[in-house]
Amino acid sequence: MYNYLEAMKQDIINYIRDEVTTTDFTDIEELRERLEDDLWIDSTITGNGGDSYADNETSKEYINGNENLLKEALIEFCVDK
């Protein structure tokens, strides 16, 4: 089963390692805010950017076993269908 949280965690670690110079930030809060903004639109992390995260079949595979996270997201984004 695909573990969404572990995959996202690894994607974020890779992003920080490859794309972030930590000395550019004065404290951890500044880094956290920047990551929150940047990662939200990075399609390789969330699928929210201009490119798709995955094709339909792969997306279905990722949801399998992660229905609780899907439900949580639907509630968070006020989706009622």
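Before reading on, note that the structure itself is shown above.
Right, let's walk through the structure included here. (Residues numbered from 1 in each chain as written. Predicted model: local features only at pLDDT ≥ 70, side-chain atom pairs only at ≥ 80, totals over all residues. Heavy atoms only, no water.)

1. Things to note about the overall build of the protein chain
Next up, step 1: Across its full length, the protein chain holds four helices and zero strands.
Next up, step 2: Reading the protein chain from its N end, one meets helices and strands in the order α-α-α-α.
Next up, step 3: When each of the 81 residues of the protein chain is scored for burial, the buried share is 16%.
Next up, step 4: Accessible surface, the protein chain: about 6600 Å² in total, of which carbon and sulfur atoms supply 51%. (Helix = DSSP H or I, 4+ residues; strand = E, 2+ residues; numbered from the N terminus. Buried < 20%, exposed > 50% of the residue type's maximum accessible area, 1.4 Å probe, protein only. Areas by Shrake-Rupley, 256 points an atom, 1.4 Å probe, with all protein chains shown as cover.)

2. Here's the deal with the packing of helix H1 (residues 4–19) against helix H2 (residues 28–41)
Next up, step 1: Interhelical geometry of H1 versus H2 gives an angle of 115 degrees and a closest axis separation of 12 Å. On the basis of the axis angle, H1 is roughly perpendicular to H2. Where H1 crosses over H2, the handedness of that crossing is right-handed. For the pair H1 and H2, the contacting residues are Ile12, Tyr15 and Ile16 in the first and Leu35, Asp38 and Leu39 in the second.
Next up, step 2: Of the residues contributing to the contact of H1 with H2, the split by class is five nonpolar, no polar and one charged. (Axes fitted to C-alpha atoms, helices over the stretch in contact; angles between N-to-C directions. Parallel < 35°, antiparallel > 145°, perpendicular 65-115°, else oblique. Left-handed = near helix turned anticlockwise from the far one by under 90°. Contact = heavy atoms within 4.5 Å. Nonpolar A, V, L, I, M, F, W, Y, C, P; charged D, E, K, R; others polar.)

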